[in-house]
Every structure is written in C-alpha cells, then in structure tokens.
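Overview (structure and organization)
If you want the building blocks of each chain, they are given just below.
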Amino acid sequence: MALQCGIVGLPNVGKSTLFNCLSNAKAQAANFPFCTIEPNVGVITVPDERLTKLAELVHPGRIVPTTVEIVDIAGLVKGASKGEGLGNKFLANIRETDAIIHVLRCFDDENVTHVDGNVDPVRDKEIIDTELQLKDLETVESRMQKVQKQAQTGGDKQAKQIYDVLVRYHEALLQGKSARTVLFESKDEQKIAKELFLLTSKPVLYVCNVDEASAVNGNQYVEQVREAIKEENAELLVVAAKTESDIAELDTYEDRQMFLEEIGLEESGVNRLIKTAYRLLELETFITAGEMEVKAWTYRKGWKAPQCAGVIHTDFEKGFIRAEVIKYEDYIQYGSEAAVKEAGKMGVEGKEYIVQDGDIMHFRFNV
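Now for a quick tour of the structure. (Residues numbered from 1 in each chain as written. Predicted model: local features only at pLDDT ≥ 70, side-chain atom pairs only at ≥ 80, totals over all residues. Heavy atoms only, no water.)

Some points on unusual backbone geometry
Selection rule: Only runs of H or I of at least four residues qualify as helices and only runs of E of at least two qualify as strands under DSSP, and these elements are numbered from the N terminus.
Although it is not a glycine, His59 sits at a positive phi angle of roughly 55°. Residue position: His59 is located in the loop between α2 (49-58) and β3 (62-64). Positioned with a positive phi, Phe197 is a non-glycine residue whose angle comes to about 50°.

Some remarks on the state of the cysteines
Selection rule: Cysteine sulfur atoms are paired as a disulfide whenever they come within 2.5 Å of each other. To sort residues, take the accessible area from a 1.4 Å probe on protein chains only and compare it with the maximum for the residue type: under 20% means buried, over 50% means exposed, and anything in between is partly exposed.
All chains considered together, the criterion is met by zero disulfides. No disulfide involves Cys106; its nearest neighbouring cysteine sulfur is the one of Cys208, lying 3.8 Å away. Residue class for Cys106 comes out buried when judged on its relative accessible area of 0%.

So, the pattern of salt bridges
Threshold: Each reported salt bridge corresponds to a side-chain nitrogen of Lys or Arg within 4 Å of a carboxyl oxygen of Asp or Glu.
Within this structure, the stated rule accounts for 20 salt bridges. Glu352 is the salt-bridge partner of Lys304, the closest N and O atoms lying 2.5 Å from each other. Of this pair, Lys304 sits in the loop between β9 (293-300) and α11 (305-312) while Glu352 sits in the loop between β11 (347-349) and β12 (360-365), placing them 48 residues apart in sequence. You can call Lys304 partly exposed: its relative accessible area is 29%. Given a relative accessible area of 58%, Glu352 falls into the exposed group. One connected set of salt bridges, linked through shared partners, spans Asp48, Arg50 and Asp357.

What to know about the sheet that holds strand β6 (residues 204-209)
Inclusion rule: Criterion used throughout: strands pair if DSSP finds at least two bridges between them. What counts as an axis is a line fitted to C-alpha atoms, over the stretch in contact for a helix, and the angles between N-to-C directions run from 0 to 180 degrees. Note on contacts: a residue pair qualifies if any of its non-hydrogen atoms lie within 4.5 Å across the two residues.
What the six strands build is an open sheet, ordered β2-β4-β1-β5-β6-β7; its pairing is mixed. The sheet is open, and its two edges are formed by β2 (40-45) and β7 (235-239), each paired on a single side. Neighbour-to-neighbour, the strand axes of this sheet turn through a mean angle of 25°, independent of strand direction. Summarising the sheet, strand β5 (residues 99-105) and β6 pair through six bridges and their orientation is parallel. Its bridge partner being in β6, Val103 is matched across the sheet by Val207. Across the sheet, helix α1 (residues 15-22) touches β1 (4-8), β2, β4 (67-72), β5, β6 and β7, and the angle it forms with β4 is around 155°.

Take a look at the structure:
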C-alpha cells in the first residue's frame, strides 16, 4: 500500500533539511526561496522494533519493513491560490498526497532569512492555511454551481446529499476554518466528502522546527502553535531539523544513539515523525514471520482478515479460508510458533476478524 505524505511550509523554514534527514534523496537546502522546484520524492522505511526482536527468534534470510513516500513540495508563498510564486504547481502536488506534514519555523537565526522578515510560526501557519482554504473554496463553489439545480428540484437524492456536504464545507471555509474541522456522521456523507479531495481535509501534522536547545521541551514558539491548533483535528511534533541532519551524518547506530542521549532524546525526531505520520493516516502493521523473511505489511485500521490477506496477494483475499493469528507479545514470550501453538495461544480467525496492530498472520486460502 503506497502512502504519500507531502512536506509543506513557507520558504526557509527547514523543510528541505528535514526531507534530507528523512530520505536518501537529497533536496537542495539553500537559503533562498524556490530551491525545490520539482517535488523530490523519497521512499523511507517505517521504524518498527518488533521486526528486529522477531528476527532474533526466527533468524530469517531478511527483514522487510514497510515504507512511506515523502514528497518535498516547494515553499508556498502568500497568493499561491491565485498562482503567485509557483502556486498552482505546488497546490497540484499537495492534492496528490494522502497527508500533509506542515513545517513551521520555531527558531531564531539571523543567518537564515525569513521570507516575511521575522519569526512568527502562527502567522506562517495561517498564510498557508489561507492559501489552501481559498483553493478549496474555489473548488467547493464550482461544484455547488454544478449540482445546485439538481439538488433543489428534489428529484435527485444524491445531488441533494452532495449539495448539503458542499454547503457545510462552504460555511466553514468562509469562516477561515479548514475542511478537516467539519465532521460528518453518515457513511454516505463521509464518502462524498472524501471524493471531493479538498486540500484542507487531509490529515495534518504540524512539525515545529526548533534549535537544539529546544529539542526536548520546545520553546515559546511551540506553545504559540500548540494554542493555535487546539481546536483542529491535527497533531504536533517538535523536531530540531539541523540537529537531526548532524545525527544522520554519523556512521554508526551507536554514535547516533549517544548523540541523542547527550541532548536528552530517547528516539530521533525523524523516527518519531515517520511513526506519527503513519498513525495520522490510521495505518497499522501486521507481520508475516518465517525462515525466508520477517516482513511488515501496511493496512488500514479496522480492516478485516480477508482485506489484509489481499495486501499480500489478491488471490489470498479471493480464496480466503481462515487466518492463523499470533499476538506479537505471545510470540516474544514463548519464543517460537511451535511453542505458541503448544501453549494454545494461536487464534484461528474467520472472515469477520478485525486485524490488530502487530498481529503475526498466516493466511489459508484456496483459489
């Protein structure tokens, strides 16, 4: 399952530096706007300590983690919704992503120019929010014009539903609120809302880019952002991108861990960011474990066993018979599949079983 997150932000907030930390693909990190014209795409692995622990027991030929695509989208500027800067191209790139990682500058550095002259992360956030909201407003009003007549004649039930969804979005956007703040209860409305592909309906993770001294506890800028987003359905993460860049240059895992401990962090900001982005999209992982490989597979939270079987191969879903399930904790406790079976801890599940994060699965099927 391909997952794509777009990194957005005003120019010179540390966006490309963060991308470089996340990916082996190197974006140009320069002290001027528009140094990233074409979106850079990096494929990165999702950190999962469970795979390593299972591999110590299974001794597989290889370990295969799941992956995420990160797209570094060039810096937006005020007026992007009207095509200012390279606005239209940037907005099109954002539309193609599943989630938005919004980087905000939360550090002072007189050597790094701010596009608006001074550091104010809440203002920066509002500039990009406004540009995305204006583009969504344009989309919503265009759709309203197309379905209004059908909806108001009363004969087309679906057109009425679409129109009602559009009206609610229109009201929110006119108030300067993002589409993600509008919640729909019925599945039909949720489906219509999803198919509109509005920019501000995407899940968002605000990344506060701080200096090294603020990497653990944040600073006053972080608190300003936290207050500004408290009513949004969004997450916040504090990362020192420049420090992460220095850590990424170190040769060994041990050296990187030592660096992290020295500044008071248990885990790198990059790892925390990837895991948070994964969670943001309501994605989870099931695992297959054998002598050939220990492999992580991505699925949507709430999926049933046949759907997850289809992630491996469509034939597994078509001919699904049952799933043999071992809980990760049981596998670690008993040390092998055979010992888990002997202890009566292996579950045999049917088509209605909702797969849980970390389940170790073996699918039986017949095509």
